[in-house]
Amino acid sequence: SKPHREVKSGCVIYTYMSRPMRFLAVAALLASAAAFDSELGFELDEDGCVKEFKEGIDYFSAPRRAMFVKDDVGVPSKTTGFAKLFEIEYRLTFKIVRNKQTGDVFVLHHCGTPAVDPNTLPEDAANATTFSVPVKRVGTDTTVTLAFLEELGLFHKLVIADTSYATSPCLQKLERCGDTTHKASWWGDNETERIAHYDGVDEMSDLFFTSFAIANFTEEVRFSATGDPSLLGRAEWVKFVGAFFNKEPEANRVFRDIERSLVETQTVSYNAQLAAYPSGGAPVIAFMTYTDCSGNPSWCPTIGGVVVKKYYQINRPEYKLEAILKAGCRPLSLSALDSNFHPVWGGPNRIIAVPDVKSLHEALTGVDVLVDETYEYNNTAYTMDTFLSNYEISHGDQDAFPFLRNDKVLRLDATLGKTIYGGTDWYEAGVIRPDVFVAELASYTYDLPDTFPAEMFMRNLATGHLPRVLTWEDAEPRCVCNATGADPVYNACVDSVCIIQDLNTLPSPPSPPSPSPSDDGLSGGEIAGIVIGAVVGALLLLSVIFLVSKEKAGKPVFKPYTEVVKESNYNGAPPQTEAA
């Protein structure tokens, strides 16, 4: 089946208590969480709408909000922790979601409450599209959004999607059983044809995530996660998606788990770096692409004043430079490039192209791990011989390149989907899973397969690894047709102070032994268990009250959850990166 992360509990009690005490603590926490639920002050129907509206109640109180904090404890706010391109502002019966990259503003009105009074909206939201949330039916024509929806358990609401490049086995299964309808994306320039292509989509879905604006299509929401510069900033868009379904608490937990995993990976990677390079230094990684645009000259760039049809480019967006550093490595230095290299797309030094093979080869002599991102229609046919031919490297010259001597030629096509065009999982789940991306970089670079199982996104061409193709039959048992979705969860809060915890992922306690036929009362052990449980519950409640009092007094109990960064130049300064 498709790889998925090991979900870990955010509860310290589970990590350090003995097994019997864990179950008592979990039971107490579950009771506490149920109390939080009841204290919302209102009930929701089966569609997630307010059953009986009451004036003055905050229907988007702290337990239901996105938490933008870099720790387990915090006060929800509209300012994101890592993402730079969106924000969420909460009011009593609605929330305002802003896409800072596109300038789009959306008003999300809680169903079951009165319509939003336009006079209560800020100026930038006066003409915003209003959605009734939670949204019942969603569609998308981007593969990136699919992974976010799947992580949040929202595939049961996905009624329309472009499955041409999808890899998710669950989505393939849902399309097969008719729950999700395929609708191909439109990439043409003709706006009239584009409008006609999407005709009827607004009748099938209540919300449509897309990458491009569609005229006369009010249900569209442009999704800009790939525009955020950092690894966790891109992944934090899970909260943007969750807001349209009132799934912010679930999004908090998904993101927090990914964040923890990434920090753990970074620590292991830096330890591997220190062990491999005790005197300083680090392996050099380069992301490269070979392009032959002779079949479509309009796509060919101008390099050095000349239109070139065959060229090589070094891909250096901020998130890839960050991933290289977090994997305990270094990017190829700009100082290693001669004057034949020229910046092309995406800003200075973000993507650098060179048509000259000699200049390319000279630069590659300093590369220890090469990630080849060359487009190939049939990825299963892309082999080491294909790579050598594209980069014009003969078998006799291989010793000149460290990445060939060390068998470190990677591609981001380890997992494919058996769909129309054989989608690549990297373009579907790579944005929301930076922890896996960095872990695989570190695993291949430092040979850590036992620590970081590889081949979700990356395969090693040099060792003959082939892509694996996923079908609907690889879907996990929890993926079922005609699903209804899970019950909502909430942040555990006291006043405005909340804790991110994931009780649903804790193991269930063992079933108690069946009572004997003559057993008509509680045993001494059962009575003792109840007493202990009550004591633990009381202690936990007192702990939460203590926590809140400290937070309000400006003396927080919890220290910030920061990333441990080892210096890679060993002179007391952090690793250097070139401007991107």
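Everything below is about the structure shown above.
Residues numbered from 1 in each chain as written. Predicted model: local features only at pLDDT ≥ 70, side-chain atom pairs only at ≥ 80, totals over all residues. Heavy atoms only, no water.

Further remarks concern the packing of aromatic side chains. For any two aromatic rings, the description comes down to two numbers: the centre-to-centre distance and the angle of the planes. On inspection of all chains with the given rule, the structure shows 27 aromatic pairs. With 6.0 Å between their ring centres and 65° between their planes, Phe 106 and Phe 244 make a pair best called edge-to-face. With Phe 106 in strand S4 (residues 104–110) and Phe 244 in the loop between helix H8 (238–243) and helix H9 (248–276), this residue pair connects regions lying 138 residues apart in the sequence. A network of ring pairs unites the aromatic residues Phe 68, Phe 86, Phe 106, Phe 131, Phe 148, Phe 209, Phe 223, Trp 237, Phe 240 and Phe 244 as a single cluster. Lying across the ring of Tyr 319, Arg 234 places its NZ or CZ 3.6 Å from the centre. The ring of Tyr 382 has Arg 411 lying over it, and the distance from NZ or CZ to the ring centre is 3.8 Å. (Phe/Tyr/Trp six-rings, centres within 6.5 Å; stacked < 30°, edge-to-face > 60°. Helix = DSSP H or I, 4+ residues; strand = E, 2+ residues; numbered from the N terminus. Lys NZ or Arg CZ within 6 Å of the ring centre and 35° of its normal.)

Take empty space enclosed by the protein next. Enumeration over the complete set of coordinates arrives at five cavities of 30 Å³ or more. The volume enclosed by the second largest cavity comes to roughly 40 Å³. Considering the residues around the second largest cavity, the lining is formed by Asp 141, Thr 142, Ser 185, Trp 186, Trp 187, Arg 194, Tyr 198, Thr 210, Ser 211 and Phe 212. Of the residues contributing to the lining of the second largest cavity, the split by class is four nonpolar, four polar and two charged. (1 Å grid on protein atoms, 1.4 Å probe; cavity = no way out; pocket = protein on both sides within 12 Å on 5 of 7 lines; lining within 4 Å. Points joined across faces, edges and corners; volume = space filled by probe spheres on them. Nonpolar A, V, L, I, M, F, W, Y, C, P; charged D, E, K, R; others polar.)

A few words on unusual backbone geometry. Each neighbour pair has its own omega, and for Val 133 with Pro 134 the value is 5°, a cis peptide bond. Take Pro 134: it is sitting in the loop between strand S5 (129–133) and strand S6 (138–140). The backbone of Asn 246 sits at a positive phi, close to 55°, despite the residue not being glycine. Judged by relative accessible area, which is 10%, Asn 246 ranks as buried. (Buried < 20%, exposed > 50% of the residue type's maximum accessible area, 1.4 Å probe, protein only.)

This part is about the environment of Phe 452. Looking at where Phe 452 falls in the secondary structure, it is placed in the loop between helix H15 (434–446) and strand S21 (459–460). For the pair formed by Phe 452 and Glu 440, sequence separation is 12 residues and the distance between their alpha carbons is 6.5 Å. Excluding its chain neighbours within four sequence positions, the residues that come into contact with Phe 452 are Thr 265, Val 268, Ser 269, Ala 439, Ala 442 and Ser 443. (Contact = heavy atoms within 4.5 Å.)

What follows covers helix H3 (residues 143–151). Counting buried positions over the nine residues of H3 gives seven, a clear majority of the element. Gly 153 sits one or two residues past H3 and shows a positive phi near 70°.

Enumeration according to the criterion identifies 23 salt bridges in this entry. The salt bridge partner of Glu 43 is Lys 51, with a shortest N-O separation of 4.0 Å. For Glu 43, a relative accessible area of 53% corresponds to the exposed category. Classification of Lys 51 as exposed rests on a relative accessible area of 53%. Lys 239 is the salt-bridge partner of Glu 236, the closest N and O atoms lying 3.0 Å from each other. (Salt bridge = Lys/Arg side-chain N within 4 Å of Asp/Glu carboxyl O.)

A few words on the sheet that holds strand S3 (residues 94–99). Strands sit in the order S2-S3-S4-S5 across an open sheet of four strands; the sheet is mixed. The two strands at the open ends of the sheet, each matched to only one other strand, are strand S2 (86–90) and S5. Each strand axis lies, on average, 25° off the axis of its neighbour in the sheet, ignoring direction. Across six bridges, the pairing between S3 and S4 is antiparallel. From the neighbouring strand, Lys 95 faces S4, where its bridge partner is Leu 108. (Pairing = 2+ DSSP bridges. Axes fitted to C-alpha atoms, helices over the stretch in contact; angles between N-to-C directions.)

This next bit is on the sheet that holds strand S7 (residues 158–161). Taken in spatial order, the five strands line up as S8-S7-S6-S9-S10 in an open sheet, and their pairing is parallel. Each of the sheet's edge strands pairs with one partner strand only, and the pair in question is strand S8 (181–182) and strand S10 (220–222). When S7 meets S8, the two strands line up parallel, connected through two bridges. Across the sheet, Ile 160 pairs through a bridge with Thr 181, a residue of S8.

Okay, the nonpolar core next. Grouped together as the largest cluster of nonpolar side chains are 81 residues, with contacts concentrated most on Phe 148, Phe 209, Phe 244, Phe 245 and Phe 437. For this core, the element with the most residues is H15, which contributes eight residues. By size, the runner-up hydrophobic cluster in this structure holds 28 residues, among which are Met 288, Tyr 382, Tyr 391 and Val 409. (Core = buried A, V, L, I, M, F, W, Y, C linked by side-chain atoms within 4.5 Å.)

So, on to the packing of helix H10 (residues 318–326) against H15. Axis separation between H10 and H15 bottoms out at 9 Å; the angle between their running directions is 50°. One finds that H10 runs oblique with respect to H15. In this structure, the crossing between H10 and H15 has a hand that is right-handed. Contacts between H10 and H15 involve Tyr 319, Ala 323, Ile 324 and Lys 326 on the former and, on the latter, Phe 437, Val 438 and Leu 441. Here the contact of H10 with H15 is composed, by residue class, of six nonpolar, no polar and one charged. (Parallel < 35°, antiparallel > 145°, perpendicular 65-115°, else oblique. Left-handed = near helix turned anticlockwise from the far one by under 90°.)

A few words now on the state of the cysteines. What the rule picks out here adds up to five disulfides. One disulfide in the model links Cys 170 with Cys 479; its S-S distance is 2.0 Å. A torsion of 90° about the S-S bond marks the disulfide between Cys 170 and Cys 479 as right-handed. With Cys 170 in helix H4 (residues 169–176) and Cys 479 in the loop between strand S22 (468–470) and strand S23 (492–494), the pair connects residues that are 309 residues apart, well separated along the chain. Of note for the chain: the bonded cysteines, numbered N- to C-terminal, pair according to 1-2, 3-7, 4-8, 5-6, 9-10. (Disulfide = S-S within 2.5 Å.)

Turning to the pairing of strand S9 (residues 207–210), a few remarks are in order. Every second residue of S9 is oriented toward a common face, with Leu 207 and Phe 209 on one face and Phe 208 and Thr 210 on the other, all of them buried. Where S6 meets S9, three bridges bridge the pair, whose relative direction is parallel. Pairing of Thr 140 across the sheet is with Phe 209, part of S9. Pairing of S9 with S10, which is carried by three bridges, proceeds in the parallel orientation. Paired with Thr 210 across the bridge in S10 is Arg 222.

This next bit is on the side chain of Asn 460. As for its placement among the helices and strands, Asn 460 is situated in strand S21. Given the relative accessible area of 5%, Asn 460 is considered buried. Only 3.5 Å separates the side chain of Asn 460 from the backbone nitrogen of Val 409, close enough to count as a polar contact. Every residue in contact with Asn 460, bar those within four places of it in the chain, is listed here: Asp 407, Lys 408, Val 409, Leu 410, Tyr 444 and His 465. (Polar contact = N/O pair within 3.5 Å; in protein donor to acceptor, adjacent residues only side chain to side chain.)

The values are spatial; any link to function lies outside them.
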